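Report on the structure
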2 protein chains.
Amino acid sequence: MIVLGSTGSIGVNALHIAKVHGLHVEGLCAGSNVALLNEQIKAFNPKFVVIGEATLAHQVVHPNVWVGEEGIARMLEASQSALVVNALVGFLGLKPTLKAQSLGKKVALANKESLVAAGAFLDTRSIVPIDSEHFGLWYLLSCRPMKRMCITASGGAFRDTPLDQLPHMRPEDALKHPNWSMGKKITIDSASMVNKLFELLEAQWLFTCKAYDAFIETKSIIHALIDFEDGSSTAHIAGTSMQLPIAFALLGEVKEAVLPSVDLTQVGSLEFRPIDPARYPVWELKNALLEAPKLGAVVNAANEAMMAHFLAERCSIVGMAKGIVKAFEAFEGQAPQSLEDVFALDKDVRAFCKNLY
Amino acid sequence: MIVLGSTGSIGVNALHIAKVHGLHVEGLCAGSNVALLNEQIKAFNPKFVVIGEATLAHQVVHPNVWVGEEGIARMLEASQSALVVNALVGFLGLKPTLKAQSLGKKVALANKESLVAAGAFLDTRSIVPIDSEHFGLWYLLSCRPMKRMCITASGGAFRDTPLDQLPHMRPEDALKHPNWSMGKKITIDSASMVNKLFELLEAQWLFTCKAYDAFIETKSIIHALIDFEDGSSTAHIAGTSMQLPIAFALLGEVKEAVLPSVDLTQVGSLEFRPIDPARYPVWELKNALLEAPKLGAVVNAANEAMMAHFLAERCSIVGMAKGIVKAFEAFEGQAPQSLEDVFALDKDVRAFCKNLY
């Protein structure tokens with residue numbers, strides 16, 4: 001490839017990628033940073049070199065140095081490379097873009113002035129933008145190898161309750177969900193973080209990924225994220241209404257508006273927190289449960305039985321969570337092997353939990 | 001379709017979607033909310049009705065009311081519907097899920113306990129999850145009709161400068177970019193918001209969408225978003241390094257890590273602001289420029305010429321921006337019709353701007 005603007009930050013990064021992935025660098029062009037250009041010549045041994053400032057040409061350590069705009073055109077004509085990285089700054093980058101296109105070369109374009117000034121007269125299909133924003137847009141349209149699926153939690157009714165007051169919270173307090181208007185059970189499951197534990201387990205049954213995790217996003221605007229192998233993540237953003245998932249589930253596909261789009265400038269800010277096992281004791285079970293997902297039958301039965309204790313005010317929300325952990329530890333070796341096992345285990349776990357209070 | 005748990009929040013939302021889209025409701029099942037169930041019977045005229053509480057059956061206004069778990073099984077067997085919305089709460093939702101699957105019906109599943117307790121024994125391929133998180137994950141894997149592409153701005157060096165101090169800011173102040181380490185020109189273009197104006201124009205040349213916009217995300221972690229017709233948005237998240245877009249541009253596809261994934265719990269919070277034309281006068285040009293994108297040649301030339309004034313301290317950053325607006329207004333009628341026009345216009349606009357200071 002050819003790198004125009006090799007000593008700027010984009011050029012330096014492009015050469016880094018070239019080195020790591022063993023890409024051949026056929027030509028380099030720099031403006032005036034001769035010291036760095038000479039280092040790059042040593043490292044990449046390019047066939048062609050162009051320097052912007054004619055007066056500096058004699059300082060460039062290369063047998064064949066061309067100069068300026070004309071030098072770039074000459075290098076492009078002489079080159080075999082199919083790819084030109086154009087990281088020149090300003091309007092002067094337009095002519096090299098045009099030249100590269102006229103020679104049938106693909107342009108990796110960081111020189112945004114090319115498109116800004118003459119987008120109408122370029123073949124945009126042979127341009128790959130080097131810009132984090134356009135890369136982001138392009139990325140959102142594509143599908144890549146995944147590393148981790150991540151879902152968010154609101155943190156539930158006791159998200160901001162001082163830890164020492166948690167044991168004194170009553171069922172009616174647990175029903176005050178900060179973001180979602182939902183049924184009683186799921187609202188309490190949110191306060192205890194059982195709901196998120198369940199959703200991770202569900203995700204593991206529904207999808208195929210290497211890892212699953214969750215964290216708190218206090219406004220429930222970002223619902224899910226996927227971390228990709230390359231280091232990008234994508235997030236799904238929508239208002240706190242179930243009509244969207246329901247519409248897709250019932251209709252298969254949806255082309256018109258179900259909800260208004262979220263306006264993040266109206267939202268103003270988002271806050272992220274890890275899920276703290278001190279506040280949500282069931283979170284201690286996460287890894288063990290995801291490794292032995294059939295034990296979901298235990299956690300579910302324990303949750304329903306312990307919730308009855310909590311609703312009858314026989315235990316606090318902390319006691320409820322600790323009862324679930326206890327049941328998990330007691331039945332950890334009894335993963336169900338059949339549906340019959342699931343129903344039998346459900347009864348046994350409920351009996352175990354009933355005796356806790 | 002059949003709706004199990006029709007009087008809960010999921011059930012009510014599902015019936016809303018059914019009404020809006022004219023889906024046939026063949027059966028309803030509620031726990032104990034007879035008043036709402038009777039309203040739903042009136043509105044949807046279902047063939048089958050099941051009530052959880054046997055003692056309430058006589059209050060249900062329907063010629064043929066079945067009761068409880070057994071009633072649900074009977075309704076599922078008798079029904080023609082291919083889709084069952086299971087919004088029952090708790091472990092008691094598992095048997096209806098199993099029954100529906102054994103009858104070859106698709107299950108739109110809000111009863112998460114089915115998967116949690118017995119995921120290993122269900123056919124997850126015929127389950128569509130009704131949950132905002134799993135919907136989010138599924139959505140991130142798919143491609144949908146788009147409404148708007150949106151990119152983010154850091155806000156640049158003067159993002160937090162009191163407006164009345166803006167005229168006194170010097171070139172060296174403009175070079176202090178809050179998030180990115182970049183070249184001189186693009187750093188000043190960030191401080192003036194010209195960079196984001198350029199990027200919107202670029203996006204319009206590179207992609208095909210109905211609308212383009214930008215807003216400030218102060219940490220440059222979210223780079224781009226797409227708003228979809230249905231009301232969902234997706235966001236691209238990555239560290240502030242150009243290596244990712246460069247790697248994709250040079251390599252075509254990337255399967256290993258280029259950057260570490262962003263950990264939002266480490267980031268802690270994100271802040272979003274609209275782009276205020278009082279701080280960034282060039283933003284006034286946005287709509288006019290996107291409607292007449294060939295005038296990018298004018299804005300680019302004016303920006304380069306006005307930046308020379310700013311760097312020589314002949315004008316403030318505000319004066320620079322206002323000069324760009326002036327040039328746009330002066331040359332608005334002269335959209336270039338050819339590449340030759342672009343180069344001629346570039347000269348004329350520079351001459352115009354040179355005379356401003």
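Only a predicted model underlies this, so the values are computations on that prediction, with no experimental measurement involved. Per chain, residues are indexed from 1 in the order of the written sequence. The naming scheme follows written order: chains are lettered A onward, ligands numbered 1 onward. This being a predicted model, a pLDDT of at least 70 is required before a residue's local features are given, and a value of 80 or more before pairs of side-chain atoms are given or counted; all residues contribute to the totals for chains, interfaces and linings. Values shown for side chains rest on all heavy atoms present in the structure; no hydrogens or waters enter the calculation.

Brief notes about the interface of chain A and chain B
Filter applied, for reference: Every residue pair with non-hydrogen atoms within 4.5 Å of one another is taken to be in contact. Salt-bridge detection follows one rule: a side-chain nitrogen of Lys or Arg within 4 Å of a carboxyl oxygen of Asp or Glu. In protein, a polar contact requires one atom able to donate a hydrogen and another able to accept it; more generally it is a pair of N or O atoms within 3.5 Å, and residues adjacent in sequence count only if both atoms are side-chain atoms. In this count, Pro and Cys sit with the nonpolar residues alongside Ala, Val, Leu, Ile, Met, Phe, Trp and Tyr, while Asp, Glu, Lys and Arg are called charged and the others, Gly among them, polar. A pair of strands is labelled paired if DSSP reports no fewer than 2 bridges between them. In DSSP terms, a helix is any run of H or I states spanning at least four residues, a strand is any run of E spanning at least two, and both are numbered starting from the N terminus.
Chain A puts 130 residues into the contact, and the matching count from chain B is 130 residues. Here K185 of chain B ties to E113 of chain A by a salt bridge, and the two come within 2.3 Å at their closest N and O atoms. Seen at the junction of chain A and chain B, the total is 30 residue pairs in polar contact (both at pLDDT 80 or more). Of the residues contributing to the side of chain A that touches chain B, the split by class is 76 nonpolar, 29 polar and 25 charged. Sheet analysis places strand β11 (residues 233–237) of chain A next to strand β11 (residues 233–237) of chain B, joined by 5 bridges and oriented antiparallel. Paired with T234 of chain A across the bridge in β11 of chain B is H236 of chain B.

Concerning the sheet that holds strand β12 (residues 269–273) of chain B
The condition that has to hold: Axis lines are fitted through C-alpha atoms, for helices just across the contact stretch, and the angle between N-to-C directions can take any value from 0 to 180 degrees.
The strand order around the closed barrel built from 10 strands is β8(A)-β9(A)-β12(A)-β12(B)-β9(B)-β8(B)-β10(B)-β11(B)-β11(A)-β10(A), with neighbouring strands paired in mixed fashion. Ignoring strand direction, the axes of neighbouring strands in this sheet form an average angle of 25 degrees. When strand β8 (residues 146–153) of chain A meets strand β9 (residues 212–217) of chain A, the two strands line up parallel, connected through 5 bridges. Residue pairing for β9 of chain A: I151 of chain A is matched across the bridge by A214 of chain A.

So, the side chain of T7 of chain B
Selection rule: Only protein chains enter the calculation, and the probe is 1.4 Å; a residue is then buried if its accessible area is under 20% of its type maximum, exposed if over 50%, and partly exposed in between.
Looking at where T7 of chain B falls in the secondary structure, it is placed in the loop between β1 (2–4) and α1 (9–20). A residue is classified by how much of its surface remains accessible, and T7 of chain B, at 18% relative accessible area, is buried.

Overview of the relation of the copies chain A and chain B
Cut-off, in case you're wondering: A least-squares fit on C-alpha atoms brings the copies together, and the residues used are those whose pLDDT is at least 70 in both copies.
In the superposition of chain A on chain B (RMSD 0.0 Å, axial shift 0.0 Å), the rotation amounts to 180 degrees. As the rotation angle and translation indicate, the two copies are arranged about a two-fold axis.

Let's talk about the pairing of strand β9 (residues 212–217) of chain B
Remark: a regular strand shows side chains that alternate across the two faces of the sheet. Where burial is concerned, most of β9 of chain B is hidden: 6 out of the 6 residues are buried. Neither face of β9 of chain B is exposed, since Y212, A214 and I216 of chain B on one face and D213, F215 and E217 of chain B on the opposite face are all buried.

Here's the deal with the state of the cysteines
Disulfides are covalent bonds that connect the sulfur atoms of two cysteines. Quick reminder of the rule: Disulfides are defined as cysteine sulfur pairs within 2.5 Å.
Per the counting criterion, the structure on display carries 0 disulfides over all chains. We note that C150 of chain A lacks a disulfide partner, and the nearest cysteine sulfur, in C209 of chain A, lies 10 Å from it. Left unpaired, C353 of chain B is separated from the closest cysteine sulfur, that of C315 of chain B, by 9.9 Å. By relative accessible area, which is 0% here, C353 of chain B ends up buried.

A few points about the pattern of salt bridges
Counted by the stated rule, this structure contains 38 salt bridges over all chains. A salt bridge links K99 of chain B to E77 of chain B; the nearest nitrogen and oxygen atoms lie 2.5 Å apart. Separated by 22 residues along the polypeptide, K99 of chain B in helix α4 (residues 94–102) and E77 of chain B in helix α3 (residues 68–78) bring together distant segments of the chain. Each of R148, D213, D227 and K286 of chain A takes part in salt bridges that share partners, so that together they form one network.

Overview of the packing of aromatic side chains
We count it as follows: The rule is short: rings of Phe, Tyr and Trp, with Trp giving its six-membered ring, pair when the centres are within 6.5 Å, and they are stacked under 30 degrees, edge-to-face over 60, tilted in between. Lysine NZ or arginine CZ positioned within 6 Å of the ring centre and within 35 degrees of the ring normal marks a charge as sitting over the ring.
In total, this model carries 8 aromatic pairs over all chains according to the counting rule given. Note on F91 of chain A and F343 of chain B: the rings are 5.4 Å apart at their centroids and 65 degrees apart in plane angle, and the pair reads as edge-to-face. Of this pair, F91 of chain A sits in the loop between β5 (83–86) and α4 (94–102) while F343 of chain B sits in helix α15 (residues 339–354), which puts the two residues in different chains. One residue, K95 of chain B, lies across the ring of F343 of chain A, its end atom 4.9 Å from the ring centre.

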